[in-house]
Amino acid sequence: MTRGGTRGTRATGFGGGGAALAGAVRRVRAFAGQFLLLGMLALVAALLVTAVPRTADRLAEQGLREHVAGRPAAERDLTLTAPELPAGGGGVVTPVTAGRGQELDRFQEDLPEAVGAAVQSRWFLAETALSRLTGPDLAAKNYFVVARLRSAPGVTGAATLTAGRWPAQAVGAGQPVEVALAADTARKLNLSAGSRLRFSGVGGQSLPLLVAGVFEPAPTADGVWDTLPSALRVTEPAGDAQPYEMVALTSDAGLDAAIATGVPVRFSWRYRLGGLDVADLGAVIDGVRRLERTPPAGLTVTQAVDVPLRQFLDAVSAARTLLAVIAAGMIATVAGLIVLAARLAARRREAEFALLVARGGAPTSGARRSLAESALVVPPAAALGWLLGRLLPGSPAGTAGTDWLVLVAAVLATLALPLATLGSPAPPGGRRDLSGRRAGGRRLTLELLVVALAVLATFLIRRRGLSPGSVDPLLVSVPVLLAVAAAVLVLRLYPWPLRLLGRVAARTRGSVTFLGVAGASRSAATGPVVVVVVAVATAAFCGVVAGGIEAGRDRTATVAVPASALVDGERLAPDTGAALHRLPGVRRSTPVLREGALRVADARGVDAGLAAVTVLLVDGPGLADTARDAGVDVSVPPVLRAGRSPGPTPALVSPALAAELARAGLDGSAMVTVQGYAQPFRVADTADGFPLVPPDVDRFVVLPWQALPGAGPPGPPPPGSGTPGPPGRGGTGPVPTAFLVSGDGFDVEALRRAGDEGQRRYQTGGSFAAGERPRGAEVTTWQGARQQLGGGGANGLLVFGFAAGAAGGAAFGLLAVAFAVLAGARTRAQALSRLRTLGLSRRQWRGLLLVELTPLVAAALLTGALTGALLPLLLTPALGLAAFTGGEPVRVAFSPGLVGAVLAAGAVALALAVTVETVHNRRMRLGEVLRLGEGS
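Bear in mind that the values here come from a model prediction, so they are computed numbers and not experimental data.

1. Topic: the overall build of the protein chain
Part 1 of the argument: Along the backbone of the protein chain there are 29 helices and 21 strands.
Part 2 of the argument: Counting only residues that meet the buried cut, the protein chain has 49% of its 936 residues in that class.
Part 3 of the argument: For the protein chain, the proportion of contacts with a sequence separation of at least 24, taken over those separated by at least 6, is 81%.

Structure (structure tokens):
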């Protein structure tokens, strides 16, 4: 008993601690390739678990900084404003301004904690209301000017004097108040250092001013100048008899002197939010909204910060959820590869483990030996992957909570080899290609469980959805479950068509096709096929969703700008289209009129009592031609292409408004008043949306401008354009508020100048009310709108997820194909050795190998690609992908590129399979395979 027990102990390799360790080291060196593969896979698993969250946090923080930095000042600042204080006048100077700037600290302390901590910069500003400014230098040019006097501590450090000095901090008795002007303001208004002015007060009072200095803003002036109106420029007059508007900087004492003349004054404290953390965004948004609802006593809160921050938070939450779905597929693929590598290593050593048992070892002796060997390789490799993941650039917050996941992954990877040794499916030398022909009850039960779990998870995700920013392990793993279920079903169906094909091949001449089909139908590469399907499904899912998001962004850009560019203003002279057409690079132009908050009336003009609507007038044929010439996809319904007809004008109406009009009995005849012109219309067609109608507007009317009775006939086409001129040129009626242009290589600034000139020409005719000032023309290009959707924000995180998922899925899928080849390589090598003795040539062998492997590879790739293409149809409603497209729903469609990618992957996979088989046969020395097989 003692001797037998000793032999058994020595045989298992655990006779003594040092000897056992030395033996394990020798065996690891002897099977270095297998353990190197296991170690590399463990390293990759630990690296994925550590690096993906870390990189995701870094990209999210970077995207937040870019998103905030790219917003205008109004969407980054939080402003507290005190009510306008009317001073008593009487010429008595009372200190009012001094000390108010110190309240910046007090007000910041009163802000919600998260908001106060996010303040990056802050400024105090005090300024008077607009008042008349006169002086000899202004009179010399006959300038009509109104001005504000402003005191803003800190501006001296954000500007450079070009002449004179900064205003004095004290105002002597009988001395003028000193002011400083921006260089652009002084130049346009004929002012300079030393100019003397008078600032009109209330009740005939006035204040003498002296321009003490002229300055230029510093390039790195942060945001001190980001106020409206700006102190750096002159606001041009809107038209005849309208004044210039300007701002003059002065000291606190100078502002108090102006207040003494009875001019109202207001104080504001502005806080710029920056240095935000993604983790704190929710608290910041809630704090800003709470502050707006309950402002500090006596103050008004002005902010537009919450909207862009909420948009970013929604986008990054959706991106993280999508990244979790992709990461689940990649981690599942790596786990499958670890299992395949362990099974392959255990299979190669079956004879060794069987000999251990035959010499008196316990049935678990091979597993214990494998555990000792695996413990020497896998944990250090996982630790190295963890260390590399932490060394990658990223946010430390991204690694919080991942250490225990790395530990779990390391333990499971270490146990993979001993478990594979215990679960060897066939005895040494057995027919593995026949081992899976008849599935046992346990395997059938497991397969049914996987399919049922996939169906249940899909039902839950469709019913409940994913919580934004959270990771539900079951629902996030839906793609993996569906891919595994699809692989199981395909493996069940896979042998049947091959057997039928084998019967056909048996009747043909030659043995290559018959033998190859027979070998393919007996393939036992179940595990590799499942891994290939999961990997390819992950890559296909990334490609299809990325394509859907890109198409959604294109549609959103087209809704905003259904042409090459949109020149938008208040009201533009009808001949602005001809002026635009004359610009270099412009090929076509068409007018547009867009007005919101209009009331719907009945045919008699009586208000119908419906909510306000948005009205859009378009020249239907002109819009279609311009969009087609610009290369954008715009569908113009026939109702908008029709010409004039008797009765109300046929209109395209939103479904919500059409339903209300039908209930009110106005669907056949209703009326809207556009620019003072009554336009009767009837509902001729409905649509959920239309270009130039904002996506959040669900009540709109689109009228064909060319069919309006009061618009007049279209004017003559511009020379060489072939397109009618804008409606309204030949009669009276509404005038355009915008023009769509098509072309390329045009100058955006030239379009803006043409739009401003069109506004001035229309206004000169006296069409604007006195004192009304039109905004400057704005030019938005399709490319600019598209770039704004695809740049910054959470886009970096999204690109990282898609690139990692596609590249990782492709690489891991090819590695799984190599495992599928190696799984049956020994059996094929034995068959090949026998067939070579019967006269099989090398060319026939390659053909036999391709015939045998092609069905397996094709089935795996096609199943994975089809599953990945169908997954978005199930998951898109739950993933919130509209956050990446400006609200446009992401529609997943068939992509011809996916077919090309699958064909290319198939060719690469078959080439890799032939290469792996060739290298394996050379390593095994084909002439000795028969003898080696008999001995194994």
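2. A look at the environment of arginine 846
Part 1 of the argument: Turning to its location among the elements, arginine 846 is positioned in helix 27 (residues 842-879).
Part 2 of the argument: Along the backbone, arginine 846 and threonine 918 are 72 residues apart, and their C-alpha atoms lie at a distance of 9.3 Å.

3. Concerning a nonpolar patch on the surface
Part 1 of the argument: A surface patch of nonpolar side chains, amounting to about 530 Å² of accessible area, comprises Leu371, Leu407, Val411, Leu415, Leu419 and Leu422.
Part 2 of the argument: Here the nonpolar patch gets 5 residues from one element, more than from any other, and that element is helix 13 (residues 403-422).
Part 3 of the argument: Residue position: leucine 422 is located in helix 13.

4. Let's talk about the pairing of strand 16 (residues 649-653)
Part 1 of the argument: Most of strand 16 is tucked away, with 5 of its 5 residues classed as buried.
Part 2 of the argument: Taking every second residue as pointing to the same face, both faces of strand 16 are buried, with Thr649, Ala651 and Val653 on one and Pro650 and Leu652 on the other.
Part 3 of the argument: As defined by bridge partners, strand 16 adjoins strand 18 (residues 677-686) across 5 bridges and the pair is classed as parallel. Pairing of alanine 651 across the sheet is with valine 683, part of strand 18.

5. Observations concerning the sheet that holds strand 13 (residues 586-598)
Part 1 of the argument: Read from one edge to the other, the open sheet built from 10 strands follows the order 14-17-18-16-19-15-13-20-12-21, with strand pairing classed as mixed. Each end of this open sheet is capped by a strand with a single partner; those strands are strand 14 (600-601) and strand 21 (778-781).
Part 2 of the argument: Sheet contacts for helix 21 (residues 620-630): strand 13, strand 15 (613-618) and strand 20 (738-743); angle to strand 13, the most-contacted strand, approximately 125 degrees.

6. A word on the packing of helix 12 (residues 365-391) against helix 13
Part 1 of the argument: Where helix 12 meets helix 13, the axes come as close as 8 Å, and the angle between the chain directions of the two elements is 155 degrees. On the basis of the axis angle, helix 12 is roughly antiparallel to helix 13. Crossing angle aside, the handedness with which helix 12 passes helix 13 is right-handed. The segment helix 12 lies against helix 13, with Gly366, Ala367, Ser370, Leu371, Ser374, Ala375, Val378, Pro379, Ala382, Trp386 and Arg390 engaging Asp403, Val406, Ala410, Ala413, Thr414, Leu415, Leu417, Pro418, Thr421 and Leu422.
Part 2 of the argument: For the contact of helix 12 with helix 13, the per-class residue count stands at 14 nonpolar, 5 polar and 2 charged.

7. Notes on helix 13
Part 1 of the argument: Between its first and last C-alpha, helix 13 extends 29 Å over 20 residues, near the 28 Å set by a 1.5 Å rise per residue.
Part 2 of the argument: Considering bend angle alone, the principal kink of helix 13 is centred on alanine 416 and spans about 35 degrees; proline proline 418 follows within four residues of it.
Part 3 of the argument: Listed in full, the buried residues belonging to helix 13 are Val406, Ala410, Ala413, Thr414, Ala416, Leu417, Pro418, Ala420 and Thr421.
Part 4 of the argument: Packing partners of the buried residues in helix 13 comprise helix 3 (32-69), helix 10 (306-348), helix 11 (350-358) and helix 12.

8. As for the packing of helix 19 (residues 526-560) against helix 24 (residues 782-790)
Part 1 of the argument: Direction vectors running N to C along helix 19 and helix 24 enclose 135 degrees, while the axes themselves pass 9 Å from each other. Compared by their axis directions, helix 19 and helix 24 come out oblique. In this structure, helix 19 crosses over helix 24, and the sense of that crossing is right-handed. Residue-level contacts link Glu550, Arg553, Asp554, Thr556, Ala557 and Thr558 of helix 19 to Trp782, Ala785, Arg786, Leu789 and Gly790 of helix 24.

9. Overview of the pairing of strand 21
Part 1 of the argument: Of the two faces of strand 21, the one lined by Val779 and Thr781 is fully buried and the one lined by Glu778 and Thr780 carries no buried residue.
Part 2 of the argument: Sheet topology places strand 12 (residues 565-568) next to strand 21; 4 bridges connect them, and they run antiparallel. Residue pairing in the sheet places leucine 566 in a bridge with threonine 780 of strand 21.

10. Considering the packing of aromatic side chains
Part 1 of the argument: In total, this model carries 6 aromatic pairs according to the counting rule given.
Part 2 of the argument: Aromatic pair phenylalanine 215 and tryptophan 225: ring centres 5.4 Å apart, planes at 15 degrees, arrangement stacked. On the criterion of sequence distance, the pair formed by phenylalanine 215 in strand 8 (residues 206-217) and tryptophan 225 in the loop between strand 8 and strand 9 (244-249) is long-range, its members being 10 residues apart.
Part 3 of the argument: Take phenylalanine 215: its relative accessible area is 0%, and that puts it in the buried class.
Part 4 of the argument: Joined through ring pairs, the aromatic side chains of Phe107, Phe124, Phe267 and Trp269 make up one cluster.
Part 5 of the argument: When the ring centre of phenylalanine 267 is taken as reference, the NZ or CZ atom of arginine 100 above it lies at 4.5 Å.

11. What about the confidence of the model for the protein chain?
Low pLDDT means the predicted coordinates in that region are not meant to be read closely.
Part 1 of the argument: Overall, the prediction assigns the protein chain a mean pLDDT of 81, with 86% of residues at 70 or greater.
Part 2 of the argument: Counted against residues more than four places away or in other chains, residues 712-731, with its pLDDT under 50, gives 44 contacts.

12. Details of helix 22 (residues 655-663)
Part 1 of the argument: Among the residues of helix 22, those classed as buried are Leu657, Ala658 and Leu661. Angular distribution of buried residues about the axis of helix 22 spans 100 degrees; they occupy a single face of the element.
Part 2 of the argument: Those residues of helix 22 hidden inside the fold are in contact with strand 14, strand 15, strand 16, strand 17 (670-674), strand 18 and strand 19 (700-704).
Part 3 of the argument: Backbone geometry just downstream of helix 22 places glycine 665 in the positive-phi region, at approximately 75 degrees.

Procedures and definitions
Residues numbered from 1 in each chain as written. Predicted model: local features only at pLDDT ≥ 70, side-chain atom pairs only at ≥ 80, totals over all residues. Heavy atoms only, no water. Helix = DSSP H or I, 4+ residues; strand = E, 2+ residues; numbered from the N terminus. Buried < 20%, exposed > 50% of the residue type's maximum accessible area, 1.4 Å probe, protein only. Contact = heavy atoms within 4.5 Å. Patch = residues over 30% accessible without salt bridge, like charges linked within 9 Å, V, L, I, M, F, W, Y side chains within 5 Å. Areas by Shrake-Rupley, 256 points an atom, 1.4 Å probe, with all protein chains shown as cover. Salt bridge = Lys/Arg side-chain N within 4 Å of Asp/Glu carboxyl O. Pairing = 2+ DSSP bridges. Axes fitted to C-alpha atoms, helices over the stretch in contact; angles between N-to-C directions. Parallel < 35°, antiparallel > 145°, perpendicular 65-115°, else oblique. Left-handed = near helix turned anticlockwise from the far one by under 90°. Nonpolar A, V, L, I, M, F, W, Y, C, P; charged D, E, K, R; others polar. Expected span 1.5 Å × (residues − 1). Bend = angle between axes of the 7 residues up to and from the residue. Phe/Tyr/Trp six-rings, centres within 6.5 Å; stacked < 30°, edge-to-face > 60°. Lys NZ or Arg CZ within 6 Å of the ring centre and 35° of its normal. pLDDT = per-residue confidence, 0-100. Arc of directions from axis to C-beta.

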